[in-house]
Amino acid sequence: MAAATTATNLDAHAPPYSEVLERAILAFALVEPSNCARVRALGVNREAFYVESHAVLWDAIHAAMMDGSADMVAVKVELEARGAWERIGGASYLDQILDTMPDSPVDLPGRVADLLNLQRLREADRRIALVRAAIHSGDSRCETVASALHAASVDVLGRPAEPDESETIQQIAAGQGG
């Protein structure tokens, strides 16, 4: 899992994601048709992928699987039918994806958990941006800020913030220290 953490983009202007991790999940789903179902069963969907070409490929893999075959030929046909084959880079793109095949399927649940955690962090980042925008626009309606903070804490913590955590977050957001 360390590779996912070190490859994660933590730039202040970009939401957290890991291109390497996304590619590894896609490679696993591509090499064996039954793998797509295993990855989906762990909770992966289109929204788990930040890189648009990865989301497009995931959709094609899933559609091919739903049609009964998620092998490479079926995925290529699906991408061509969607007009996405050339747009995402064609065969060289798929080669790049396959080059990141995980060493072992044993680490798949951990990699999927990492991918889904990054998805939750992106959603929390989006909600926090809404809080900042509400505060900076002078929208001091407590319910607007409280609702966004509650949703962000659920995204990050997996639970609502405790009362003392909420007060601290609100003080920081209001510029009153922390």
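Predicted model, so just to flag it, every value in this text is computed and none were measured.

Quick look at the nonpolar core
Thought 1: In terms of nonpolar packing, the biggest core is built from 35 residues, with Val44, Phe49, Leu57, Ile61 and Leu79 touching the most fellow members.
Thought 2: The set of elements that each furnish at least two residues to this core consists of α2 (19-31), α3 (33-41), α4 (52-66), α5 (72-81), α6 (85-88), α7 (90-98) and α8 (108-136).
Thought 3: Ranked by the residues each element gives to this core, the list is headed by α4, at eight residues.
Thought 4: If near-sequence neighbours (up to four positions away) are discounted, Val44 is found in contact with Val39, Phe49, Trp58, Val112, Leu115 and Leu116.

Examining the pattern of salt bridges
Thought 1: Applying the stated criterion across every chain, the model contains five salt bridges.
Thought 2: A salt bridge links Glu52 to Arg46, with the nearest nitrogen and oxygen atoms 3.2 Å apart.
Thought 3: Residue Arg46 is classed as partly exposed on the basis of its relative accessible area, which comes to 29%.
Thought 4: For Lys76, the salt bridge goes to Glu80, with nearest N and O atoms at 3.0 Å. Highlighted residues: Lys76 and Glu80, both in helix α5, separated by four residues, approximately one helical turn.
Thought 5: In the salt-bridge network here, residues are joined through shared partners; they are Arg46, Glu52 and Asp59.

A few points about the packing of α4 against α5
Thought 1: Closest axis-to-axis distance for the α4/α5 pair is 8 Å, and the angle between their directions is 120 degrees. The angle between α4 and α5 places the two elements in the oblique class. Judged by the sense of rotation from one axis to the other, the crossing of α4 with α5 is right-handed. Between α4 and α5, the residues in contact are Val56, Leu57, Ala60, Ile61, Ala63 and Ala64 and Ala74, Val75, Glu78 and Leu79, respectively.
Thought 2: Of the residues contributing to the contact of α4 with α5, the split by class is nine nonpolar, no polar and one charged.

Description of the packing of aromatic side chains
Thought 1: This structure, assessed with the given rule, holds two aromatic pairs.
Thought 2: Taken together, a centroid distance of 4.5 Å and an interplanar angle of 25 degrees make the contact between Tyr17 and Tyr50 stacked. Linking Tyr17 in the loop between α1 (2-7) and α2 with Tyr50 in the loop between α3 and α4, this pair joins segments that are 33 residues apart in sequence.
Thought 3: By relative accessible area, which is 15% here, Tyr17 ends up buried.
Thought 4: Measuring from centroid to centroid gives 5.6 Å for Phe49 and Trp58, while their planes differ by 35 degrees, and the two rings are tilted. Taken individually, Phe49 and Trp58 each receive the classification buried, so the pair is uniform in this respect.
Thought 5: A cation over an aromatic ring shows up here: Lys76 above the ring of Trp85, its NZ or CZ 5.3 Å from the ring centre.

Analysis parameters
Residues numbered from 1 in each chain as written. Predicted model: local features only at pLDDT ≥ 70, side-chain atom pairs only at ≥ 80, totals over all residues. Heavy atoms only, no water. Core = buried A, V, L, I, M, F, W, Y, C linked by side-chain atoms within 4.5 Å. Buried < 20%, exposed > 50% of the residue type's maximum accessible area, 1.4 Å probe, protein only. Helix = DSSP H or I, 4+ residues; strand = E, 2+ residues; numbered from the N terminus. Contact = heavy atoms within 4.5 Å. Salt bridge = Lys/Arg side-chain N within 4 Å of Asp/Glu carboxyl O. Axes fitted to C-alpha atoms, helices over the stretch in contact; angles between N-to-C directions. Parallel < 35°, antiparallel > 145°, perpendicular 65-115°, else oblique. Left-handed = near helix turned anticlockwise from the far one by under 90°. Nonpolar A, V, L, I, M, F, W, Y, C, P; charged D, E, K, R; others polar. Phe/Tyr/Trp six-rings, centres within 6.5 Å; stacked < 30°, edge-to-face > 60°. Lys NZ or Arg CZ within 6 Å of the ring centre and 35° of its normal.

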